[in-house]
There are 2 protein chains.
Amino acid sequence: MSFLGERKEWVDEALVNWIGHLEESQGGLGLTSLKKSVEYSLTRGGKRFRPVLSLLVGEAFAVAPKRLLPWAVAVEMIHTYSLIHDDLPCMDNDTVRRGEPTNHVVFGESTALLAGDTLLTEAFGVVAFGYESEPQTAVHLIRLLTEAAGFRGMIGGQAVDMNAKTADLELSELMRMHAMKTGALIRVAAEGAALVCGLPEPKRQLCREFGAHLGFAFQLQDDLLDSSETIEKGSYPDKLGLEKTKEKLLEVSAQARECLKRLELTEGPLADLIQMNLDRTY
Amino acid sequence: MSFLGERKEWVDEALVNWIGHLEESQGGLGLTSLKKSVEYSLTRGGKRFRPVLSLLVGEAFAVAPKRLLPWAVAVEMIHTYSLIHDDLPCMDNDTVRRGEPTNHVVFGESTALLAGDTLLTEAFGVVAFGYESEPQTAVHLIRLLTEAAGFRGMIGGQAVDMNAKTADLELSELMRMHAMKTGALIRVAAEGAALVCGLPEPKRQLCREFGAHLGFAFQLQDDLLDSSETIEKGSYPDKLGLEKTKEKLLEVSAQARECLKRLELTEGPLADLIQMNLDRTY
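Residues numbered from 1 in each chain as written. Chains lettered and ligands numbered in written order. Predicted model: local features only at pLDDT ≥ 70, side-chain atom pairs only at ≥ 80, totals over all residues. Heavy atoms only, no water.

**Student:** Looking at this model, I keep getting lost on unusual backbone geometry. Mind explaining?
**Tutor:** With the exception of glycine, most residues fall at negative phi, and the peptide bonds are largely trans. Residues and elements named next belong to chain A. Even without glycine at this site, Arg48 takes up a positive phi of about 60 degrees. Mapped onto the fold, Arg48 is located in the loop between α2 (32-42) and α3 (49-60). One non-glycine residue, Arg98, lies in the positive phi region at around 50 degrees. Within the fold, Arg98 resides in the loop between β3 (96-97) and β4 (100-101). (Helix = DSSP H or I, 4+ residues; strand = E, 2+ residues; numbered from the N terminus.)

**Student:** What is the right way to read the relation of the copies chain B and chain A from this model?
**Tutor:** Both copies of the chain are related through a single rotation about an axis accompanied by a shift along the same axis. You can overlay chain B on chain A at an RMSD of 0.0 Å; the transform is a turn of 180 degrees with a shift of 0.0 Å along its axis. In symmetry terms, the pair is related by a two-fold rotation axis. Judged by C-alpha distance, Pro135 of chain B is the residue of chain B that lies nearest the rotation axis, at 2.6 Å. With an isologous cut-off of 70% or more, the 100% of interface residues of chain B that recur at the interface of chain A puts this contact in the isologous class. (Least-squares fit on C-alpha atoms with pLDDT ≥ 70 in both. Contact = heavy atoms within 4.5 Å.)

**Student:** Sorry if this is basic, but what is going on with the interface of chain B and chain A here?
**Tutor:** How big an interface is tends to be stated in terms of accessible area lost as the parts join. With 55 residues of chain B at the interface, the matching set in chain A holds 55 residues. Taken together, the two surfaces of chain B and chain A that pack against each other cover about 5,000 Å², and 70% of this comes from carbon and sulfur. The interface formed by chain B and chain A holds four salt bridges in total. One salt bridge connects Arg143 of chain B with Glu132 of chain A, and the closest N-O pair in it is separated by 2.2 Å. Joining chain B to chain A, the criterion identifies 14 residue pairs in polar contact (both at pLDDT 80 or more). Every element with two or more residues in the side of chain B that touches chain A is listed here: β2 (29-30), α2 (32-42), α4 (65-87), α6 (109-130), α7 (135-149), α8 (154-163) and α9 (171-196) of chain B. At 14 residues, α6 of chain B tops the list of elements feeding residues into the side of chain B that touches chain A. (Buried area = accessible area lost by both parts, 1.4 Å probe. Salt bridge = Lys/Arg side-chain N within 4 Å of Asp/Glu carboxyl O. Polar contact = N/O pair within 3.5 Å; in protein donor to acceptor, adjacent residues only side chain to side chain.)

**Student:** Is there a simple way to think about helix α6 (residues 109-130) of chain A in this case?
**Tutor:** Owing to its 3.6 residues per turn, the α-helix aligns residues three or four sequence positions apart on the same side. The terminal C-alpha atoms of α6 of chain A lie 31 Å apart, and with 22 residues this matches the ideal 32 Å at 1.5 Å per residue to within 8%. Judged by how many residues are buried, α6 of chain A sits mostly within the fold: 19 of 22 residues are covered. (Expected span 1.5 Å × (residues − 1). Buried < 20%, exposed > 50% of the residue type's maximum accessible area, 1.4 Å probe, protein only.)

**Student:** I'm lost on the nonpolar core in this one. Help?
**Tutor:** Nonpolar side chains tend toward joint burial in soluble globular proteins. Counting 193 residues, the largest nonpolar core has Leu53 and Ile78 of chain A together with Leu53 and Ile78 of chain B as its most contacted members. When near neighbours in sequence (up to four residues on either side) are disregarded, Leu53 of chain B contacts Ile186, Ala189, Ala190, Phe210, Leu214, Leu270 and Leu273 of chain B. (Core = buried A, V, L, I, M, F, W, Y, C linked by side-chain atoms within 4.5 Å.)

**Student:** It is not clear to me how the packing of α6 of chain A against helix α7 (residues 135-149) of chain A should be interpreted in this structure. Could you clarify?
**Tutor:** Helix packing geometry: the angle between the two helix axes and the distance between the axes. All names here are of chain A. Two numbers describe how α6 lies on α7: the axes approach to 9 Å, and their chain directions differ by 160 degrees. Looking at the two axes, α6 sits roughly antiparallel to α7. Helix-helix and strand crossings are classified by hand; for α6 and α7 the assignment is right-handed. Listed contacts from α7 to Phe124, Val127 and Ala128 of α6 are Ala138, Leu141, Ile142, Leu145 and Thr146. Looking at side-chain class alone, the contact of α6 with α7 contains seven nonpolar, one polar and no charged residues. (Axes fitted to C-alpha atoms, helices over the stretch in contact; angles between N-to-C directions. Parallel < 35°, antiparallel > 145°, perpendicular 65-115°, else oblique. Left-handed = near helix turned anticlockwise from the far one by under 90°. Nonpolar A, V, L, I, M, F, W, Y, C, P; charged D, E, K, R; others polar.)

**Student:** So what exactly am I meant to see when it comes to the side chain of Glu191 of chain B here?
**Tutor:** Among the secondary structure elements, Glu191 of chain B is positioned in helix α9. When sequence neighbours within four positions are dropped, the list of residues in contact with Glu191 of chain B reads Leu144, Arg204 and Arg208 of chain B.

**Student:** What should I look at first to understand the packing of aromatic side chains in this one?
**Tutor:** What characterises a pair of aromatic rings is the spacing of the ring centres plus the angle enclosed by the ring planes. For the coordinates displayed, the defined rule picks out seven aromatic pairs over all chains. With a centroid separation of 4.2 Å and an interplanar angle of 5 degrees, the aromatic rings of Phe124 of chain A and Phe124 of chain B are classed as stacked. Pair noted here: Phe124 of chain A is in helix α6 and Phe124 of chain B is in helix α6, and the two residues belong to different chains. A single burial state applies to Phe124 of chain A and to Phe124 of chain B, both of which are buried. Aromatic pair Tyr40 of chain B and Phe107 of chain B: ring centres 5.5 Å apart, planes at 70 degrees, arrangement edge-to-face. Here Phe107 of chain B lies in helix α5 (residues 103-107) and Tyr40 of chain B lies in helix α2, a separation of 67 residues in the sequence. If you follow Arg280 of chain A out to its NZ or CZ, it ends over the ring of Phe218 of chain A, 4.2 Å from the centre. (Phe/Tyr/Trp six-rings, centres within 6.5 Å; stacked < 30°, edge-to-face > 60°. Lys NZ or Arg CZ within 6 Å of the ring centre and 35° of its normal.)

**Student:** Help me understand the side chain of Ser110 of chain A, please; the structure alone is not making it clear to me.
**Tutor:** Summarising the element assignment, Ser110 of chain A is placed in helix α6. If sequence neighbours within four positions are ignored, Ser110 of chain A has contacts with Cys90, Met91 and Met162 of chain B.

**Student:** Can you help me understand the environment of Met162 of chain B in this one?
**Tutor:** All names here are of chain B. Among the secondary structure elements, Met162 is positioned in helix α8. On the basis of relative accessibility, which here comes to 26%, the residue Met162 falls in the partly exposed class. For the pair Met162 and Met91, spaced 71 residues apart in the sequence, the C-alpha separation amounts to 7.5 Å.

**Student:** Which parts of the structure should I look at to understand the pattern of salt bridges?
**Tutor:** Going through the model one piece at a time under the given rule, you end up with 36 salt bridges over all chains. Between Arg44 of chain A and Glu100 of chain A there is a salt bridge; the shortest N-O distance is 3.2 Å. One end of the pair, Arg44 of chain A, is in the loop between α2 and α3; the other, Glu100 of chain A, is in strand β4, and 56 residues separate them in sequence. The partly exposed category is assigned to Glu100 of chain A, whose relative accessible area is 31%. With its nearest N and O atoms 3.7 Å apart, the salt bridge here joins Glu243 of chain B to Lys246 of chain B. Pair noted here: Glu243 of chain B and Lys246 of chain B are both in helix α12 (residues 242-262), with a separation of three residues, about one helical turn. Residue Lys246 of chain B is classed as partly exposed on the basis of its relative accessible area of 40%.

**Student:** Can you help me understand the environment of Tyr81 of chain A in this one?
**Tutor:** Relative to the elements of secondary structure, Tyr81 of chain A occurs in helix α4 (residues 65-87). Separated by 31 residues in sequence, Tyr81 of chain A and Ala112 of chain A place their C-alpha atoms 9.3 Å apart. With residues near it in sequence (within four places) discarded, Tyr81 of chain A still touches Gly116, Leu119, Leu120, Met154 and Ile155 of chain A together with Asp117 and Thr121 of chain B.

**Student:** In this structure, what is going on with the packing of α3 of chain A against helix α10 (residues 201-226) of chain A? I would like to understand it.
**Tutor:** All names here are of chain A. Close contact between α3 and α10 brings their axes to 13 Å; oriented N to C, the two are set at 150 degrees. Our pair here, α3 against α10, has a crossing hand that is right-handed. Judged by residue contacts, Phe49, Leu53 and Val57 of α3 engage Cys207, Phe210, Leu214 and Phe218 from α10.

**Student:** Before we go on, may I ask you to explain helix α1 (residues 5-20) of chain B in this structure?
**Tutor:** Residues and elements named next belong to chain B. For α1, built from 16 residues, the straight-helix expectation of 22 Å at 1.5 Å per residue is met to within 8% by its first-to-last C-alpha distance of 22 Å. Every buried residue of α1 is accounted for by Arg7, Val11, Ala14, Leu15, Trp18 and Ile19. What you see down the axis of α1 is that its buried residues fit within an arc of 140 degrees, all on one side. Seen from the buried face of α1, the exposed residues on the opposite side, beyond 90 degrees, are Glu6, Glu13 and Gly20. On its buried side, α1 packs onto α2, α3 (49-60), α4, α6 and α13 (269-279). (Arc of directions from axis to C-beta.)

In C-alpha cells form, the structure reads like this:
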C-alpha cells in the first residue's frame with residue numbers, strides 16, 4: 001500500500017502531535033502511564049485506512065489535507081479505542097495485535113480501559129476544536145461520529161457480535177452486523193470528509209454510499225485473507241464459500257466504482273484505493 | 001433533598017425519553033441486552049445532583065428547563081458511564097451500588113463495558129442534537145464536556161486514583177485529584193448551563209467558580225458522611241481530622257455563596273443547594 005505512504009505519514013504526525021499535548025503531570029499528579037498507554041496503541045502500526053480515506057476524499061475535491069486532518073485523526077482515535085476495549089479479557093481476550101502485546105498486557109486492564117475511554121472522549125474534542133471556526137460543520141460531524149460509533153453503529157455491532165453466535169447468523173444479519181461494527185466508521189470517514197469539503201447534499205450522499213461499499217469490500221477482503229489457511233466460522237467464506245465471497249468482493253467494488261463515476265472521479269486516488277483493497281495481501 | 005423533587009423528575013423523564021429512542025432490534029439483530037444494561041444504570045436512583053444543578057442555574061437566570069435539559073442529560077450520562085466503568089472488576093470491583101447489584105453483576109462484564117461506552121458516546125450526540133440550532137453553543141459545550149470528562153478531567157483523576165496510593169498523597173494532591181475526578185463534571189454542569197443561558201463571560205466565570213466550590217463541598221460532605229463509622233484512608237477526615245474537614249466544608253460553602261453574591265443571587269435555589277449539601281444525611 002505504498003501509494004498511501006505520504007498521506008499515512010501526515011496522519012501519523014498529526015496523531016503524535018496530539019499526544020504531545022497531553023501533560024504527563026498535573027498539579028504534581030502523575031499521568032505518565034495513562035499517556036503512555038494512549039500513545040502505545042495510537043502509534044503501534046495500523047494501515048490508517050480510515051483517516052487516509054478522509055484525506056483522499058479531500059484530495060479528490062481539491063481540499064487541503066490540513067483541513068481534513070482533525071476529522072481523520074478523530075476517526076482513527078475512535079477506531080483505536082475500539083481495538084483496546086475489544087482486546088480486553090472480558091471481550092475478545094486477545095493478547096497480541098499486529099505482532100505486539102495488546103494494551104492491557106503491557107499496561108494492565110484498568111489503564112487500558114481508561115486509555116480507551118480517553119481516546120473516545122478526546123476524539124469529540126478534536127472535532128470541536130478542529131472545526132471551531134465552522135461550528136455548523138463541527139456539530140454535523142459530531143452527530144455523524146456519534147451515529148457511527150454509538151448504539152446504532154460500532155458499539156451496537158460489537159454487542160451483537162459478543163452476544164449472538166455469529167456462526168448462527170443469516171447472511172443478511174451478518175452483513176448488517178458488519179455494517180454496524182466496522183462499516184459505519186469507514187462510511188463516515190468518507191461522508192464526514194465530504195462535509196468538511198463543503199459538498200452539496202447529493203454529492204455527500206454519493207460519498208456516503210461510496211464509503212459504505214468500500215467498507216464492505218474491506219471486510220470481505222479481510223475475511224478472504226484470514227481464510228488463506230482455515231475458514232473461520234461465521235466469516236463470509238464460511239457462509240458463502242470462497243468463490244462466492246470473491247465474486248461478492250468484485251461486485252461490491254464495482255458498486256463503489258459506480259459511486260465514483262457519478263461523482264466524476266472515475267480516475268484518481270479514490271479509484272486506486274478500491275484497487276488497492278483488491279490487490280492487498282495483508 | 002425534597003426541594004429538588006420536581007427538577008429531578010424532569011431529568012428522570014428526559015432520560016427515560018432518551019432511552020425510549022434506542023431500538024431493541026436493527027435489521028433483525030437483537031440489541032435488547034445492551035439497551036437494558038444502559039437503562040438499568042441510567043434509571044437506578046441517584047441524586048441527579050449534576051443535572052439538577054444545571055436546571056437551577058437556568059432557573060436563576062429565568063431560562064426554561066427545557067433549554068437546559070439536553071445539557072443536563074448529557075452530563076448525567078457521562079456521570080453514569082463513569083460509575084459503570086469504575087465498578088468493573090478490573091477497576092474498583094464493586095458488586096453493589098445504591099443497594100443494588102452493579103451493572104456487570106447483572107449483565108456481564110462485556111455488556112457493562114459496552115453500556116458505558118454507549119453512554120459516553122451518545123452523550124456527545126445529545127449535546128450536538130439538542131443545541132443544533134445554536135451550533136456555536138453546541139461546539140463550546142462539547143469542548144467543556146471533553147475537558148471535564150477526558151484526560152485532564154475525570155479520566156485523568158480516575159487514573160491517578162487507581163495508580164497512586166491515595167493514602168500517600170499530600171493534601172494539595174488529594175484536592176487536585178478530586179477536582180479532576182469528581183469536581184470537573186460538577187463544575188461544568190454549572191458552567192455549561194451558564195453558556196446555554198447566554199450569560200456574558202464574567203458571569204460564566206463566576207458560575208464556573210461556583211460550580212468548582214460546590215463540587216468540592218459535595219466531596220467534603222461525602223467524605224464526612226462516609227466517616228460516620230470508620231474514617232477511610234486517604235479521605236479528607238483522614239488527612240485533616242473530622243473537625244478541620246467540617247471547617248473546610250463551611251469555608252468552601254462560604255466561597256460558593258460569595259460567587260452567588262457577586263452574581264446577585266444571594267437568595268434562591270442555588271443558595272438553597274449549598275445549604276442542602278450542608279444539611280444532607282446521605
